[in-house]
Amino acid sequence: MASAARDLTEPRVLAHAKRRLFLGDADDGYAVVDTQFASERWLADRPVDPDVRDVLSPFNHVRVGSGYPDLVGVRPPDGDLLAVERLGDDPPLLAVEAKGYTDRGVDVDRGIVQAHDRLGEANVAYVTAPADAVSETNRTLARELNVGILGVEPGGAVEPIEVPRVVGNRTTTETDAIRFQASAQGVAEKSFSLNHPKNYLGYALALHHPDEIDAVVAERVVGAVDAARTGAAFLDLVDETPAGVRLTPLGREVVRFARREYGSVDAALRVFEDWKGSRKRFRDLAPAWGQLTRRVVYAYPATRLLVEEIQALHDDRIAEPTLPQLVEYLHQVHPSFTVELFVRGDEDVRGRVLDADGELRPAELADGTVYHSPTVFQLKAMLYHAGILTERGAEPANLDPESDVWALCEPV
């Protein structure tokens with residue numbers, strides 16, 4: 001066996017497959033690799049190249065079917081990787097199992113069976129392996145089980161050997177976590193970068209104003225126009241389409257509210273201009289807008305999950321949970337979602353916070369720098385302004401997790 005082929009261990013095979021599936025020109029997807037691949041060594045005598053680990057990150061331990069795929073993500077695959085050309089409106093959830101060279105060879109059949117198990121919740125399943133290790137018997141089994149095979153060449157090229165069909169699935173909180181991150185409302189790569197909800201509401205109003213939107217936002221709402229647009233999209237107030245930005249039904253409701261309260265969008269924006277730079281709690285500054293903000297922020301999927309689980313902690317007589325207490329509890333009931341929502345996605349942080357089996361290392365939660373700023377700072381601040389949480393958020397660099405309280409203003 002040539003040495004170049006023998007270098008195709010599972011981490012390297014998986015890194016090549018991830019590049020092929022998720023690291024192309026499009027940015028409309030998200031994927032995580034199982035936490036076992038965060039290790040610095042794969043085989044006892046074989047360190048994992050840091051560049052390979054960099055490609056594989058972020059890491060999470062996501063249950064799909066009865067196990068944990070090596071890679072799970074959401075993105076439409078290239079046309080040559082599927083047996084059909086047309087997909088539905090929503091991009092498919094992909095599950096990938098990797099097999100590479102070991103002292104016992106490459107167990108492609110086992111990877112195919114593992115990948116097939118993921119089809120209970122995934123739309124598409126692949127096994128990826130060194131191309132020269134794939135036999136006709138492997139191909140027959142893959143066709144029977146509707147599993148794709150991605151063959152990896154020694155130089156890193158990845159080509160389809162068998163292509164699967166897209167299937168329907170049921171969803172779980174675990175797979176929903178990855179779908180959420182791949183959506184316009186996810187917090188993985190993009191983020192809330194402004195911590196006052198008025199900036200996002202104001203962007204929706206400005207979009208309906210007859211004057212040029214960027215100028216209106218900069219003059220009346222906030223100078224960070226791009227950040228206001230991005231946050232408005234996260235809150236489902238606007239859609240960013242190839243034809244331009246447009247109001248969603250929720251955004252149009254914000255416009256209706258403004259016209260009812262002030263007579264016109266222009267008059268409402270004059271009031272927003274008076275609020276520029278204000279740090280006062282929005283619920284107290286403008287009670288009617290605070291109530292509307294509560295409706296908008298509560299529609300954000302992460303808000304609903306947080307409120308329900310903080311209520312559950314309150315029911316367990318933990319009325320003022322600290323950030324580590326909240327994350328530890330959430331990880332017990334929604335592990336994948338918790339990691340995606342709270343823990344920064346870079347390789348070093350995920351490797352510190354999660355062990356190879358995806359379990360939390362609680363001691364690491366005392367370090368504020370491991371947390372995802374859009375959640376612990378911007379999202380928490382918006383929940384504070386909306387009157388949902390008792391305290392505003394803090395930048396991770398200034399965050400003391402042990403004193404950072406996540407309590408409901410109005411527990412039931």
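Refer to the preceding data block for the structure.
Please read all numbers here as calculations on a predicted model, not as lab measurements.

This next bit is on the sheet that holds strand S4 (residues 71–74). With mixed pairing, the six strands of this open sheet are ordered in space as S1-S4-S5-S6-S7-S8. If you trace the sheet from one side to the other, it starts and ends with strand S1 (30–33) and strand S8 (158–162), each paired once. Recorded for the sheet is a direction-independent mean angle of 25° between the axes of neighbouring strands. Taken together, the five bridges between strand S5 (residues 93–98) and strand S6 (residues 124–130) define a ladder with parallel strand orientation. Counterpart to Glu 97 in the pairing with S6 is Val 127. Of the strands in this sheet, S5, S6 and strand S7 (148–152) are in contact with helix H4 (residues 108–117), which crosses S6 at around 165°.

Turning to helix H8 (residues 213–221), a few remarks are in order. Because an α-helix packs 3.6 residues into every turn, residues spaced three or four apart end up facing the same way. Along H8, the residues classified as buried are Ile 213, Val 216, Val 217, Arg 220 and Val 221. Angular distribution of buried residues about the axis of H8 spans 100°; they occupy a single face of the element. Those residues of H8 that are buried are in contact with helix H7 (198–208), helix H9 (225–234) and helix H11 (265–274). For H8, the capping residue at the N-terminal end is Glu 212, with a side-chain oxygen 3.3 Å from the backbone nitrogen of Asp 214.

Within helix H16 (residues 335–342), seven of the eight residues are buried, which leaves the element mostly enclosed by the surrounding structure. Those residues of H16 not exposed but buried are Ser 336, Phe 337, Thr 338, Val 339, Glu 340, Leu 341 and Phe 342.

Turning to the packing of aromatic side chains, a few remarks are in order. Evaluated as defined, the whole model comprises six aromatic pairs. Geometrically, the ring pair formed by Phe 272 and Trp 275 is tilted, given 5.1 Å between the ring centres and 50° between the ring planes. The exposure class of Trp 275 is buried, given its relative accessible area of 10%. Ring centres of Phe 272 and Trp 289 lie 5.0 Å apart, and the angle between their planes is 85°; this geometry places the pair in the edge-to-face category. Here Phe 272, found in helix H11, pairs with Trp 289, found in helix H13 (residues 287–298); they are 17 residues apart in sequence, far enough to count as distant. Take Phe 272 and Trp 289: they sit in the same class, and that class is buried.

So, about unusual backbone geometry. Cis peptide bonds are those with omega within 30 degrees of zero, and the linkage from Ser 57 to Pro 58 qualifies with 5°. Mapped onto the secondary structure, Pro 58 falls in the loop between helix H3 (50–56) and S4. Unusually for a residue other than glycine, Asn 146 sits at a positive phi of about 60°. Mapped onto the fold, Asn 146 is located in the loop between helix H5 (136–145) and S7. Classification of Asn 146 by relative accessible area gives buried; the value is 8%. Even without a glycine there, the phi angle at Asp 236 is positive, about 65°.

For the rest of this paragraph, the subject is the packing of H7 against H9. In the contact formed by H7 and H9, the axes pass within 8 Å of each other and the chain directions differ by 90°. By the angle between their axes, H7 is roughly perpendicular relative to H9. Contact residues: Asn 199, Tyr 200 and Tyr 203 in H7; Val 225, Ala 227, Ala 228, Arg 229, Gly 231 and Ala 232 in H9. In terms of residue class, the contact of H7 with H9 is made up of six nonpolar, two polar and one charged.

Moving on to the pairing of S4. Here S4 shows two buried faces, one formed by Leu 71 and Gly 73 and the other by Val 72 and Val 74. Pairing of S1 with S4, which is carried by four bridges, proceeds in the antiparallel orientation. Of the residues in S4, the one forming a bridge with Tyr 30 is Val 74. The pairing of S4 with S5 spans four bridges and is classified as antiparallel. Along S5, the bridge assignment pairs Gly 73 with Leu 94.

The rules behind each value
Residues numbered from 1 in each chain as written. Predicted model: local features only at pLDDT ≥ 70, side-chain atom pairs only at ≥ 80, totals over all residues. Heavy atoms only, no water. Pairing = 2+ DSSP bridges. Helix = DSSP H or I, 4+ residues; strand = E, 2+ residues; numbered from the N terminus. Axes fitted to C-alpha atoms, helices over the stretch in contact; angles between N-to-C directions. Contact = heavy atoms within 4.5 Å. Buried < 20%, exposed > 50% of the residue type's maximum accessible area, 1.4 Å probe, protein only. Arc of directions from axis to C-beta. Polar contact = N/O pair within 3.5 Å; in protein donor to acceptor, adjacent residues only side chain to side chain. Phe/Tyr/Trp six-rings, centres within 6.5 Å; stacked < 30°, edge-to-face > 60°. Parallel < 35°, antiparallel > 145°, perpendicular 65-115°, else oblique. Nonpolar A, V, L, I, M, F, W, Y, C, P; charged D, E, K, R; others polar.

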